[in-house]
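# Structural description and commentary
The residues making up each chain are set out below.
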Amino acid sequence: AKHTAFVLNMYYQTLTTKMFSLATTRRMMLARRNYCYASSFHASAAGKRKTSSSSSSFSALHDNDENNVVVLVEDDDYDDDARRESSSSSSSSNNTNNNGHIVLVDGMSFLFRAFYGFQARSDATKLINSKGEDVGVLHAYAHAMCALLESKPSHFAVCFDSKGKTFRHEMFVDYKANRPPTPEALIALIPKVSELVEAMAIETVKVSGVEADDIIGTLATRSVTEKGFKVSIASPDKDFCQLLNENVRMLRPGGGGQFSAFTLREFAKTHEELIQPEQFVDFLALVGDSSDNVPGVEGVGPKTARKLLNKYANVDAILEAAKNGEDEFEKMGTKKVREALKSEKGQKSAQLSRKLVEIRTKLSAPDVNGDLDAFRVTTPDDYGRKAMDCFERYELPSAADRWKAIHNIIL
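Residues numbered from 1 in each chain as written. Predicted model: local features only at pLDDT ≥ 70, side-chain atom pairs only at ≥ 80, totals over all residues. Heavy atoms only, no water.

Turning our attention to the pattern of salt bridges. The tally for this structure, following the rule as stated, stands at 19 salt bridges. With a closest N to O distance of 3.7 Å, Asp 123 and Lys 126 form a salt bridge. Notably, a salt bridge pairs Arg 385 with Glu 392, separated by 3.3 Å at the nearest N-O pair. One salt-bridge network, held together by shared partners, links Arg 168, Lys 176, Glu 211 and Asp 214. (Salt bridge = Lys/Arg side-chain N within 4 Å of Asp/Glu carboxyl O.)

On to helix H15 (residues 344-357), then. Its 14 residues give H15 an end-to-end C-alpha distance of 20 Å, which sits within 8% of 20 Å, the value for a rise of 1.5 Å per residue. Within H15, burial applies to Gly 346, Gln 347, Ser 349, Ala 350, Ser 353, Leu 356 and Val 357. Here the buried face of H15 lies against helix H6 (167-171), helix H10 (280-287), helix H12 (315-324) and helix H14 (335-342). (Helix = DSSP H or I, 4+ residues; strand = E, 2+ residues; numbered from the N terminus. Expected span 1.5 Å × (residues − 1). Buried < 20%, exposed > 50% of the residue type's maximum accessible area, 1.4 Å probe, protein only. Contact = heavy atoms within 4.5 Å.)

The next subject is the confidence of the model for the protein. Of the residues in the protein, 74% have a pLDDT of 70 or more, and the chain-wide mean is 80. This model gives residues 17-97 a pLDDT under 50, and the stretch forms 143 contacts once residues within four places in sequence are excluded. (pLDDT = per-residue confidence, 0-100.)

Below, the discussion takes up the packing of aromatic side chains. All told, the structure shown has 7 aromatic pairs when counted by the stated rule. When the centroid spacing of 5.9 Å and the interplanar angle of 80° are considered together, the rings of Phe 267 and Phe 280 count as edge-to-face. Taken together, the positions of Phe 267 in helix H9 (residues 264-270) and Phe 280 in helix H10 put the pair 13 residues apart, joining distant regions of the chain. Residue Phe 267 is classed as buried on the basis of its relative accessible area of 1%. Relative accessible area serves as the criterion here: at 3%, Phe 280 is assigned to the buried category. (Phe/Tyr/Trp six-rings, centres within 6.5 Å; stacked < 30°, edge-to-face > 60°.)

Ile 215, Leu 219, Leu 286 and Leu 341 are the most contacted members of the largest nonpolar core, which totals 59 residues. Ignoring any residue separated from it by four or fewer positions in sequence, one finds Ile 215 in contact with Cys 159, Phe 160, Val 205, Lys 206, Val 207, Val 210, Leu 363 and Val 368. Val 103, Val 158, Phe 160 and Tyr 394 belong to the second largest nonpolar core, which has 47 residues in total. (Core = buried A, V, L, I, M, F, W, Y, C linked by side-chain atoms within 4.5 Å.)

All right, on to the environment of Lys 192 then. Relative to the assigned elements, Lys 192 resides in helix H7 (residues 184-199). On the basis of relative accessibility, which here comes to 32%, the residue Lys 192 falls in the partly exposed class. Between the C-alpha atoms of Lys 192 and Tyr 394, which are 202 residues apart in sequence, the distance is 9.7 Å. Apart from residues lying up to four places away in sequence, Lys 192 is in contact with Leu 138 and Tyr 394.

In contact at an axis separation of 9 Å, H10 and helix H11 (residues 302-311) are set at 135° when each is read in the N-to-C sense. By the angle between their directions, the pair H10 and H11 is classed as oblique. The way H10 lies across H11 gives a crossing that is right-handed. Residues Asp 282, Phe 283, Leu 286 and Val 287 of H10 lie in contact with H11, whose contacting residues are Pro 302, Ala 305, Arg 306 and Leu 309. In terms of residue class, the contact of H10 with H11 is built from 6 nonpolar, no polar and 2 charged. (Axes fitted to C-alpha atoms, helices over the stretch in contact; angles between N-to-C directions. Parallel < 35°, antiparallel > 145°, perpendicular 65-115°, else oblique. Left-handed = near helix turned anticlockwise from the far one by under 90°. Nonpolar A, V, L, I, M, F, W, Y, C, P; charged D, E, K, R; others polar.)

The phi dihedral of Ala 201 is positive, around 65°, even though this residue is not glycine. The residue Ala 201 is located in the loop between H7 and strand S5 (203-205) in this model. The backbone phi angle of Glu 272 is positive, close to 55°, even though this residue is not glycine. Structurally, the position occupied by Glu 272 is in the loop between H9 and H10.

Okay, here's the thing in structure tokens:
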């Protein structure tokens, strides 16, 4: 029976990979062009990258205008070494290594997504290996990492939350207090996921007392300011909207191992072009965030918050206007909202909420202030043996094949 289950499991995983390939073939054919990034997000990077006459094109992320799904552009002329060694800028430029692309992954968000996704499955469709272990989450996680690696970034890191309380709990004891306890089954998967990611030659980052959001915020800011990199933040978390700019975008996970790009353009559409990404932290400070138990200001909803931020630059300006009773401010929102923003309780709540939702971008921890080239994507020193041992231990053949193809490894 165990042998039969193992064979069926291998067949299912192989079939899953083939279905993923078929689903993306049409988009890949449409996207097969010889330039770096088709969207405006990537236009400047394409102009900076140095190429040779024998290899003038390369694999990259491409935003399909039809559905804005990130797909891999495969190019037969691509020089694999270019993925591992960042091209230098023109000899006349004072900036070097300014055309890289770093992917920063919100590690725990992918674990939660995979865990609850497989929890919803029936027993008949769960992935059980020959040892009787449920490896569905590991299967999904490995394929998500492979999908991101297939975009050929020059640098890559998975960022994890630290265990226990963070500095935000010191500011607000009830921060995230409304969340149910993390299931023991999910907690048991954390070391296995960490092992799998590290075996795949992916750098991981964790800082004591700090959330992954702040690690990503700091690494994203350094990548742009110090290296001139383009940054893709892989996460479904809306909080990262505050980091969006012409060099930073989000990749939101979807079905089939694909990611939809969320850029300045999508942000503008979502918020009716009334606020800018740098105001998103003020937006959350006003409306609150129920998922993190951030209070916001009572009675202020998204519509009113956008209207206020379209008039005033930030929360401080709004609170000052409310306190002074400006005529223009009095015309906005309901009487209840105006009174809430004038009150001492409302003012303190807005200021506290802003501190809670603001992603830190200048952490001092050594782990986020080292050489960014530590996150460079390279072929593993052991040529994939550690990864293969891990894939074989958990019986993840389709993920193994996909990972080997990324690194051009034949074992």
